[in-house]
Amino acid sequence: MGTFLVTGGTGVLGRVVVERLREGGHEVRVLSRRAGAGTHVGDLESGAGVVEAAAGVDAIAHAASNSRRFGNTDVAQTDTVIRAAAETGVGNLVYISIVGIDRIPFRYYRNKLACEQRIAESDVPHTILRATQFHELIASALLITGRLPITPLPLDFRFQPVAAAEVAVRAAELAVGSPLGFAPDFGGPQVLTLRELIDIWRQVHPHPRAVPMPLPGRIAKSFRAGFNTCPDHAEGTLSWSDYARTATVDPYAAKK
């Protein structure tokens, strides 16, 4: 059995990575800035405590990410993880990324792509796993927009939603295995437009009428073209319809 460090181990994705590794009999360290939230206290921005948490581990699953803060927080945090992995001789750094970030000029995606590049250019053995949008992320957005009397949305955007838990299981498998560089993409079972996603959601949950909101620009064009999907890698099994029937609360709000 091995020893693993998980960053973002209390999040929607990371906590399932932790559970899966522990179910496999492995020792798992969970890095958190707050004492008591994980097993090890560490700050990915300042670097405090990260090397100590990584000492002696076989692999790191880097699931920490922050789309809500400006700047290059993700890049700075990833640099910290890379330095800790290099200093402690970690055998595999697994990074969970997003399908299409090299084709969609969205600011958050550019930061994720920069993280990938830093990892790929380092001397640290690594595995980069790109996944499509999580069911949980889309549900969170719909729960928020559902509070409005009417919802203007880009209904022709395409998505291939996947269960975060299924991505987490794959990430845990990759952490236990040998470094692959880039792993095959991981997408959900169906590619659907946002209109189709909302129509399915409304069969179970109240949601106001959505009206088309035409958006110009390269980012919108990329989502309409489905650059964020990978239909040739429809590895997930939980459909959006099945997920919608079980979703009761905002998973991201519940985490807070």
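1. What to know about the overall build of the protein chain
A tally of regular secondary structure across the protein chain gives ten helices and eleven strands. For 256 residues, the compact-globule formula gives about 18 Å, and the C-alpha radius of gyration of the protein chain, at 18 Å, lands near that figure. When burial is assessed residue by residue, the protein chain has 52% of its 256 residues classed as buried. In the form shown here, the protein chain has an accessible surface area of approximately 12000 Å², with 52% of it arising from carbon and sulfur atoms. Within the protein chain, the 25 negative side-chain charges are centred at a point lying 9 Å from the centre of the 27 positive side-chain charges.

2. Considerations on the pattern of salt bridges
Evaluation of the coordinates by the stated rule reveals seven salt bridges. Residues Arg118 and Asp79 are paired through a salt bridge, measuring 2.5 Å at the closest nitrogen-oxygen approach. Of this pair, Arg118 sits in helix H4 (residues 107-121) while Asp79 sits in helix H3 (residues 73-88), and the two are 39 residues apart along the sequence. When the shortest N-O distance is used, the salt bridge between Arg224 and Asp156 registers 4.0 Å. A residue pair is termed long-range when its members are at least 10 positions apart, and Arg224 in helix H8 (residues 218-225) and Asp156 in the loop between strand E7 (151-153) and strand E8 (158-159) qualify at 68 residues. In this structure Arg224 comes out as partly exposed when scored by relative accessible area, which is 28%. The network of salt bridges with common partners includes Asp102, Glu116 and Arg130.

3. Side note on the pairing of strand E5 (residues 92-98)
Of all seven residues in E5, seven are buried, a share of seventy percent or more. What you see with E5 is no split at all: Asn92, Val94, Ile96 and Ile98 on one side and Leu93, Tyr95 and Ser97 on the other are buried throughout. Relative to E5, strand E4 (residues 59-62) runs parallel, the two sharing four bridges. Directly across from Ala61, in E5, lies its bridge partner Val94. Relative to strand E6 (residues 126-131), E5 is paired through six bridges, and the arrangement is parallel. Each residue of the ladder has a partner; that of Leu93, found in E6, is His126. You can see the chain leave E5, run along H4 and come back into E6, and the turn it takes is right-handed.

4. Comments concerning the packing of aromatic side chains
Following the criterion strictly, the structure yields seven aromatic pairs and no others. Relative to Tyr109, the ring of Tyr108 lies with its centre 6.3 Å away and its plane at 50°, an arrangement referred to as tilted. Of the residues examined, Tyr108 reaches a relative accessible area of 18% and is grouped as buried. Measuring from ring centre to ring centre gives 5.3 Å for Phe157 and Phe223, while their planes differ by 10°; the resulting arrangement is stacked. You can see Phe157 sitting in the loop between E7 and E8 and its partner Phe223 sitting in helix H8, a full 66 residues away along the chain.

5. Focus on the pairing of strand E1 (residues 3-7)
Of all five residues that make up E1, five are buried, and the element is covered over most of its length. Residues Thr3, Leu5 and Thr7 line one face of E1 and the alternating positions Phe4 and Val6 line the opposite face, and both faces are buried. As defined by bridge partners, E1 adjoins strand E2 (residues 27-32) across five bridges and the pair is classed as parallel. Residue Thr3 lies in a different strand from E2, and its bridge partner there is Glu27.

6. Observations regarding the packing of H3 against H4
Two packed helices can be described by the angle between their axes and the distance between those axes. Viewed as axis vectors pointing N to C, H3 and H4 meet at an angle of 20°, and their least axial separation amounts to 9 Å. On the basis of the axis angle, H3 is roughly parallel to H4. Read as a crossing pair, H3 and H4 show a hand that is right-handed. When H3 is examined against H4, the residues Asp74, Val75, Thr78, Asp79 and Ile82 are found in contact with a partner set consisting of Tyr108, Asn111, Lys112, Ala114, Cys115, Arg118 and Ile119. Considering only residue class, the contact of H3 with H4 consists of six nonpolar, two polar and four charged.

Thresholds, definitions, all that
Residues numbered from 1 in each chain as written. Predicted model: local features only at pLDDT ≥ 70, side-chain atom pairs only at ≥ 80, totals over all residues. Heavy atoms only, no water. Helix = DSSP H or I, 4+ residues; strand = E, 2+ residues; numbered from the N terminus. Rg over C-alpha atoms; globule rule 2.2 N^0.38 Å. Buried < 20%, exposed > 50% of the residue type's maximum accessible area, 1.4 Å probe, protein only. Areas by Shrake-Rupley, 256 points an atom, 1.4 Å probe, with all protein chains shown as cover. Lys, Arg positive; Asp, Glu negative; His and termini not counted. Charge placed at Lys NZ, Arg CZ, Asp CG, Glu CD. Salt bridge = Lys/Arg side-chain N within 4 Å of Asp/Glu carboxyl O. Pairing = 2+ DSSP bridges. Right-handed = clockwise from strand over helix to strand, strands pointing away. Phe/Tyr/Trp six-rings, centres within 6.5 Å; stacked < 30°, edge-to-face > 60°. Axes fitted to C-alpha atoms, helices over the stretch in contact; angles between N-to-C directions. Parallel < 35°, antiparallel > 145°, perpendicular 65-115°, else oblique. Left-handed = near helix turned anticlockwise from the far one by under 90°. Contact = heavy atoms within 4.5 Å. Nonpolar A, V, L, I, M, F, W, Y, C, P; charged D, E, K, R; others polar.

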